Structure formats: C-alpha cells, structure tokens
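Residue-level listing of the chains:
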Amino acid sequence: MAGRNMPENIVSIKATEISSPPTWALMERQLICLMEEAVELAAQKYGRLDGTPYNVNDVDDTYEAHSYKGLLYAIGAAERVLEIGLQEWNAITRLYDDGVVRRDEDPQHPEFRVQLHNEYYNLNGPADWFHMGEGNQSFYCFGLADPTHPENIRRAKRFAAMYMAEDPKAPNYDPEYKIIRSPFHGSVGPRFHADLAMAKVLLDPIYYPGGVAHGHAQRSNLYPVVNDLEDDWFENPVRAEEILKIFDDVILNGDIPDNLAATGLITNAYLYTGEEKYKRWVLEYTEAWMDRTRDNNGIIPDNVGPTGKIGEQRNGQWWGGFYGWNSRNSARNAFLAATIASECALLLTGDFGYLEFIRSQIEFLLSLAKTREDGQLLVPTRITPNGWEGYQPRGIQWLARVYHASMEARDYELITKLRAGEKESDWNEVEVAGDRSSGNLEARFNYYDGVNPDWPQKRLQAEYQYVMAMYEYMRRDSRDPAQIIADNRWPPNPVVTKGLTQVTMGSPQPIYNGGLLRTTVRYFDMDLERPGLPKDVAALVYKLEADRVGLQLVNLNRTETRNVIVQAGAFGEHRFTQVQFQTNEQGATSEKVAPVEGKYFVVELPPSTSIRLEAGMHRFVNQPSYAFPWHGDKGLVPF
C-alpha cells in the first residue's frame, strides 16, 4: 500500500464487498465534476489570465463571488480548482490594495476605491465583521487546502495581530476592557468618526419609537439618546452636525456582538501555528462577552461602551446598537457571531460549556414563544420600547450547529420541540442550494433522526440543480469582456459546498459570515498525499452519535484501487477509539473490530468495492491543527 510519509502504526482496513454503487455516490462524484468544469468556465469568462475579475464591487462582494474553492478542493475536487482559487484571491487582493482602479468604461463608477491596506480591510469599504466575514471565507478555506503555504501563514499571523493589540497601526482591541473598540475597524484601526454619507445611509429611513431600521445597510439607530429623527435631518447643516456627533459617540464608540466573529480570524492563525497566544485571545474575548451576557440577565447585549459597560453610551439601555436586537437583522448577527465564538472556544479547549453562550440565547427566546391557533410556534425576533416583537417561526440554523457540537439530549429536545411546533413547512423538503441558504438543516436533522431516508441524494440533487443552472447561465452568456466590464453584473458563483459538506463529512457548512469548518470526519488521498476524497471515491456519513459515527465509502472505479485516510474532525480535534466493519471473503461474512486510538485510519478500496464502518469516537480531545496526516509520524502498519 502506498503512502511514503504516513504516521506510524496507522490502522488499515480493506473493503471486500463488490456491489453496484448507490445513487447518492454517483450524484456526489457528478456534482464534484460539474463544479470543476464550472470553476474553469467562470475563470475563463469572467476574469483575466492573472485571475483579476472583470466585475468589481465592494471588496467583500468580489471575494464572495469567488469563494469556497479551497473547501471544494479539500473535499476532493481537482488541483486546478485550488490553483484558480489562490490565483483569484491574490489578484483581488492586489486589485483593491494597490492604488485606485480606473473604470472609465462604466460612467456610473469611473473610480473604484482602494478598500484594502496591508492586504486587509481598511475603512473605505465594508469594514464591519458581518461583511469582512463574508470576504474571509476563501482565506480560511486555504488552510484546509494547503497548511504549508508560507505567504498565507504570514498573512494569517499579520491579520490576527490587527485584533490582538500587536499592530500599533491597527489598535482595534483594548485589552484592558476586552473590547473591539468600534463596529467598524480593520488594518488602519477603529473608526470613531462618520461622514455625512455614512450616517445618512445607516440612519435613513428610520422610525421612532423603536428604531427598527429598514433596508440593506440601515442597521443602527440613536434611540433612546434621540427619540425622534426627522426625515430630512441631513439637509440641515446644523442638525446634521449635531446628529453626526451623537452618531460618533453612540454608534461608533464601543463594541457590539457582531465583532465576536473576529474569533474565527484568530483561530485561523492558531490552526496554522499552534501558538498559545491566539488561543488565549479567543478565550479572553469570548468569555468577556459571556460575562456581559450573564450580567444582562442572560441575554446578550448589543452594545458595550468604551470602558466595557453595557449600554454605556445609551443611558444604560442594553439594546439598540449597530446590527442590534431592534434592527432589521435583529437576532441573526448576534447568533452567527456568538456561534462562531462558541465553536472556536470549544475547538481550542474541548470545553462544551462554551456552547451555553449560544444555547442560552435560543432557550431565552423560546421561553418567550407564543403558539398560534393552528399550533404554529412563534418566537420573537426583535425588541422595541414596547417589548419583544416580530414573532415568527424559528428555524434551527443555530440550534442545529449547537447540537452537532454537543450531541446532548438537551439540544435534541429543543429541536424536536421546534419540529412539533412547525405547521408551515415540511422539514423533509430540500431547497435548491444557493450560496446564502442554510442548506436545510431541518431536513438533515430528520435524516439522522431516522425520518428522512432519501435526504443524501435529495440534498446532492438540489445542489446539482443549482450548479447546473449557474453553468448554463455562464455557457450562454454571450457578452465579451468589454461588455462584462461595462455591465458590471456580478457573475454567479458556481461553487456551493453545503450538500457535499453535509453528506461527506457529517456537518453543517461553515457559517457564511466568517465561520470555520466543523466536521465529524475528513478525508485525504493517501496515494497522492493530498487532502480530499480520492478520485472516483464517494463518502456518506449515515450515523451521528455522541461517541460514534457511521460512514460508507464507495470506489466507483472499476479497475483501480483507492486508498482513503479518514481523519477524526476537520482539524484532527477528535480521536477514534475503534472501527467496526464487515468483511466478505469466499462468500462468508464476518464482523471485525479494529482498535485505532488515534486521529486516523486508512481504508483500502479495491475496484468497485464499498464498505460501511462504525467508528467509536472521543470528540474535542486533541489539539486542533491544519496539519495533514503526513506532517507528523511516518510509517504504516496494516491491520
């Protein structure tokens, strides 16, 4: 068996059952192949030879339109996908970091602002974590694809320094009060002063009392400091100056929960380096927000002042901040950022207590739930001076992530409570998987709960349908480069990995706004010594339990053997105890148990074979790392 640099004493298991491939396995490999072709087509039609895109938007949107190629490669796509992904990321970074881009072809946008400094966001563009997290997706995925890339290691450390009080040119973090000092920040430090255009966008239109903001960017208000805000305040120079001063003091002078997504950036540096200082910062900042939540009667406050006090700039009011509990986004941003922080802290420590941070918020809102006459459970989404409002059905996007991490009965019961109270939607249905969708975690939950048996192939078919639509759009797009530049129409991103992540690795997709990959298992090609499933191999995680994972591997190749390394966790954070499987030799079936007690085992898949394995597992017991199996011990001992 090949594999020159494998860890010593790694267990090897050989598949013996020859059978026709299941539908899900064929669909899985077809989907990977389709996305490989779509990535190549998109690069040819919508970018220059050096990877620079024809279409330019705000920098986070441009990164976003080319995201997840590193993850797709790490799942098992061709090396060309990673090459294109790295080339595009570097080209986009150069485009926004090096001077003003002239765009005379587009009369609406003759100039495009530089939005990066030192290769990271400055204050000229989307310098809040909700948007920076979107742009960071691709960068985090490169660690999964190649943890030895020297420039990306240097970048990871340099970006982290901007939020750890290590970079004097980017003093974003106050270690005394444990706050990120403004909702807007980046490579040149925090923003404390707004211009009229910025304040107008964020405050207009806005309605008081309650301050529920509307529109894409309008997410903050001045209530209760300002109880009424006339529609034309910005046309009166005296009133505009007054509002700008209040805006600077109330909105920009302090921390918000959205900044918790910074933990993903710092954890990314830890996964490359293993340096303890990154772990310490993640825990310090996360625990500071957990303390504030406890001090606020169990609900996370959405604004903290410059000395770390809740509601410090709002007369003590805990809600009303940027991306806060009464904004259009209401609970979403607090949930996504707190979930990223909880997942990072658990990953770095193995302490499941960090999940209480997000779980407690879900339980709090459920305690306020109402039941409609038809039995539909409704949960509040925002708070105003009149109390909790915006009652809506509650999906399980965040709760499903908590349960995937905890596997505790407590979280399972919360999900089944929501399922019992859902009258408007069918949890077994699978939606077409756009890049921003949650990927139907309800349907995934039902599969592992034994009530949605066709979910794997339905999930993959939905993703295939989406990618095929994107492919056909690009294939039929008759515009030449000059027209594409003139139109500046954002091309579709053909890379969607929710279904592949869920089916192959038994986990939800990384949180869209800057989360890291969370998986039960991960795969490597032992023969080629690269990450991902070997060519022609398909995988399905068919069982998930607190101490066990069920896995099926299939080799679709009729003439060649494939050798798969199975790793416990995305970053080797789990440990396998043993693996149970069946062998079929000379017509006799026998049960076998292979002791593992390690991060990895190897499965040899002769042509046209498949195997089902159940592996015992201790979760979150190892130091996580981007390192691949062959970066450690050498050797191979077959079982």
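Residues numbered from 1 in each chain as written. Predicted model: local features only at pLDDT ≥ 70, side-chain atom pairs only at ≥ 80, totals over all residues. Heavy atoms only, no water.

Caption draft 1: Region of interest: the environment of Ile358. For Ile358, the location among the structural elements is in helix α12 (residues 356–367). Residue Ile358 is classed as buried on the basis of its relative accessible area of 1%. In this structure, the C-alpha to C-alpha distance between Ile358 and Ile266, residues 92 residues apart in sequence, is 19 Å. In this structure, Ile358 is in contact with Phe335, Ala338, Thr339, Ser342 and Val402, ignoring residues within four places of it in sequence. (Helix = DSSP H or I, 4+ residues; strand = E, 2+ residues; numbered from the N terminus. Buried < 20%, exposed > 50% of the residue type's maximum accessible area, 1.4 Å probe, protein only. Contact = heavy atoms within 4.5 Å.)

Caption draft 2: Representation of the packing of helix α5 (residues 129–145) against helix α9 (residues 262–273) in the model. Following both chains from N to C, one finds α5 and α9 inclined at 15°, their axes separated by 10 Å at the closest point. It follows that α5 is roughly parallel to α9 by the angle criterion. α9 is crossed by α5, and the crossing has left-handed handedness. Residues Trp129, Asn136, Phe139, Tyr140, Phe142 and Gly143 of α5 form the contact with α9, whose participating residues are Ala262, Gly264, Leu265, Asn268 and Tyr272. (Axes fitted to C-alpha atoms, helices over the stretch in contact; angles between N-to-C directions. Parallel < 35°, antiparallel > 145°, perpendicular 65-115°, else oblique. Left-handed = near helix turned anticlockwise from the far one by under 90°.)

Caption draft 3: Structural detail: the confidence of the model for the protein. Averaged over all residues, the pLDDT of the protein equals 90, while 91% of them reach at least 70. Note on residues 99–111: pLDDT under 50 across the span, and 21 contacts to partners over four residues away in sequence or across chains. Below pLDDT 50 for its whole length, residues 634–639 participates in 26 contacts with residues either more than four positions away or in separate chains. (pLDDT = per-residue confidence, 0-100.)

Caption draft 4: Quick look at the packing of aromatic side chains. A full pass over the atoms with the stated rule returns 35 aromatic pairs. Residues Tyr120 and Tyr121 carry aromatic rings whose centres are separated by 4.9 Å and whose planes lie at 90° to one another, so their mutual orientation is edge-to-face. Here Tyr120 and Tyr121 have matching classes, each one buried. Judged by centre distance (4.3 Å) and plane angle (70°), the ring pair of Phe322 and Tyr323 falls under edge-to-face. An aromatic cluster is built from Tyr63, Trp89, Tyr120, Tyr121, Trp129, Phe139, Phe142, Phe159 and Tyr163, whose rings are joined through pairwise contacts. A cation sits over an aromatic face here: Lys200 above Phe234, 4.1 Å from the ring centre. One Lys or Arg, Arg292, reaches over the ring of Trp289 and ends 4.8 Å from the middle of that ring. (Phe/Tyr/Trp six-rings, centres within 6.5 Å; stacked < 30°, edge-to-face > 60°. Lys NZ or Arg CZ within 6 Å of the ring centre and 35° of its normal.)

Caption draft 5: Structural context of the pattern of salt bridges. Taken as a whole, this structure holds 33 salt bridges when the rule is applied. Linking Glu119 and Arg158 is a salt bridge whose minimum nitrogen-to-oxygen distance equals 2.4 Å. Of this pair, Glu119 sits in the loop between β5 (116–117) and β6 (120–121) while Arg158 sits in helix α6 (residues 150–161), and the two are 39 residues apart along the sequence. Look at Glu119 and you get buried, because its relative accessible area is 18%. Its salt-bridge partner being Lys277, residue Glu275 comes within 3.9 Å of it at the nearest N-O pair. Shared partners join several salt bridges into a network, and the residues in it are Glu356, Arg359, Glu363, Glu408, Arg410 and Asp411. (Salt bridge = Lys/Arg side-chain N within 4 Å of Asp/Glu carboxyl O.)

Caption draft 6: Expanded view of the sheet that holds strand β22 (residues 600–605). Judged by pairing direction, the sheet is mixed, and its 5 strands sit side by side in the order β1-β22-β19-β15-β16 without closing on themselves. Bordering the open sheet on either side are β1 (11–14) and β16 (530–531), each of which pairs with just one other strand. (Pairing = 2+ DSSP bridges.)

Caption draft 7: Quick peek at α12. A rise of 1.5 Å per residue sets the reference length of α12, with its 12 residues, at 16 Å; its end C-alpha atoms lie 16 Å apart and thus fit the reference within 8%. Restricting attention to buried positions, one finds in α12 the residues Phe357, Ile358, Arg359, Ser360, Gln361, Ile362, Leu365 and Leu366. (Expected span 1.5 Å × (residues − 1).)

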